[in-house]
Amino acid sequence: MLTFERANELFKYEPETGLLIRKVTTGNNRFHAGTAAGCSSPDGYLRVRIDKVLHQVHRVCYLLAYGSLPDDMQVDHINHVRDDNRLCNIRLVDNTINSRNASIGKNNTTGVCGVYVDKRRVKKYCAEIKVNRVKKFLGNYDTLEEAAAARREAELKYGFHSNHGTNKAAYVKKR
């Protein structure tokens, strides 16, 4: 388990930029002090090797900013951009809260999270929401707009983040 003391020996965290800066040269002089740490992984998160163990950079940043990081908690990227580790963009949450701030799925065909076309009924839209691992049916609607409105109302009712269901590409340009 990575401790604050060990992370602080190796890195400096810049909260305004989200960069994790190396304090010491490591890796047989491959990684120099003063350079940004972290390599991008296929899933879009930055990772850094510390004492032969890979750690997600956003978790190291949070640890350095706040001094501790409970194992059972997750560090959420508020704007969905996985390599944006600015302090204003990361927060400590449990799994339930983290799932309430998810990007829209890649296989979504309507463009609205929780809304799909009912193939049994011609041109009917269905809305649903999952709360505490239980799927709740919100109804059938004639238009996408009506189904989207029902879904949005349910998201507000159940405390979903305002970014939930948005496309992370919309936030990349704002940084």
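Refer to the structure presented above.
Note that this is a predicted model, so its numbers are computed, not measured. (Residues numbered from 1 in each chain as written. Predicted model: local features only at pLDDT ≥ 70, side-chain atom pairs only at ≥ 80, totals over all residues. Heavy atoms only, no water.)

A few words now on the overall build of the protein chain. Each helix and strand in the protein chain was counted, giving five helices and 10 strands. A compact globule built from 175 residues would reach a C-alpha radius of gyration of about 16 Å, whereas the protein chain, at 20 Å, exceeds it by more than 25%. Along the first, second and third principal axes, the C-alpha atoms of the protein chain reach 65 × 25 × 25 Å. Among the 175 residues that make up the protein chain, the fraction classed as buried is 34%. If you take every contact in the protein chain between residues at least 6 apart in sequence, the share linking residues at least 24 apart comes to 39%. (Helix = DSSP H or I, 4+ residues; strand = E, 2+ residues; numbered from the N terminus. Rg over C-alpha atoms; globule rule 2.2 N^0.38 Å. Buried < 20%, exposed > 50% of the residue type's maximum accessible area, 1.4 Å probe, protein only. Contact = heavy atoms within 4.5 Å.)

This next bit is on the packing of aromatic side chains. Tallied over the entire structure, the rule returns one aromatic pair. Centre to centre, the rings of Tyr 62 and Tyr 66 are 4.5 Å apart; their planes meet at 35°, and the pair counts as tilted. Placement of both Tyr 62 and Tyr 66 in helix α2 (residues 57-66) is noted, with a separation of four residues, approximately one turn of the helix. Using a relative accessible area of 47% as the deciding quantity, one classes Tyr 66 as partly exposed. (Phe/Tyr/Trp six-rings, centres within 6.5 Å; stacked < 30°, edge-to-face > 60°.)

Inspection of the entire model under this criterion finds zero disulfides. Unpaired in this structure, Cys 61 has its nearest cysteine sulfur neighbour in Cys 88, at a distance of 12 Å. Accessibility expressed as a relative area gives 0% for Cys 61, which makes it buried. When its relative accessible area of 60% is taken as the criterion, Cys 88 is described as exposed. (Disulfide = S-S within 2.5 Å.)

Relative to the 20 Å expected for 14 residues at 1.5 Å per residue, helix α4 (residues 144-157) spans 20 Å between its end C-alpha atoms, a close match to the ideal helical length. At its buried positions, α4 is contacted by β8 (115-118), β9 (124-131) and β10 (134-141). At the exit of α4 stands Gly 159, carrying a positive phi of roughly 80°. (Expected span 1.5 Å × (residues − 1).)

In terms of nonpolar packing, the biggest core is built from 19 residues, with Phe 11, Leu 20, Val 48, Ile 50, Val 60 and Leu 64 touching the most fellow members. Those elements that provide at least two residues to this core are α1 (4-10), β1 (11-14), β4 (46-50) and α2. A total of six residues in this core trace back to one element, the largest contributor, which is α2. Residues within four places of Leu 64 in sequence aside, it is in contact with Phe 4, Ala 7, Asn 8, Phe 11, Tyr 13 and Leu 20. In terms of nonpolar packing, the next biggest core, distinct from the first, is built from six residues, Val 112, Val 115, Ala 127 and Ala 147 among them. (Core = buried A, V, L, I, M, F, W, Y, C linked by side-chain atoms within 4.5 Å.)

The subject of this paragraph is the sheet that holds strand β5 (residues 53-56). With antiparallel pairing, three strands are arranged side by side in an open sheet as β3-β4-β5. Every interior strand has two partners, whereas the edge strands, β3 (39-40) and β5, have only one. Note: β4 against β5, four bridges, orientation antiparallel. The partner of Ile 50 across the bridge, within β5, is Val 53. (Pairing = 2+ DSSP bridges.)

What follows concerns the pattern of salt bridges. By the definition in use, this model includes 11 salt bridges. A salt bridge links Asp 51 to Arg 6; the nearest nitrogen and oxygen atoms lie 2.7 Å apart. Of the two residues, Asp 51 sits in the loop between β4 and β5 while Arg 6 sits in helix α1, which places them 45 residues apart along the sequence. Among the salt bridges present, the one from Arg 47 reaches Asp 43, with a minimum N-O distance of 3.1 Å. (Salt bridge = Lys/Arg side-chain N within 4 Å of Asp/Glu carboxyl O.)

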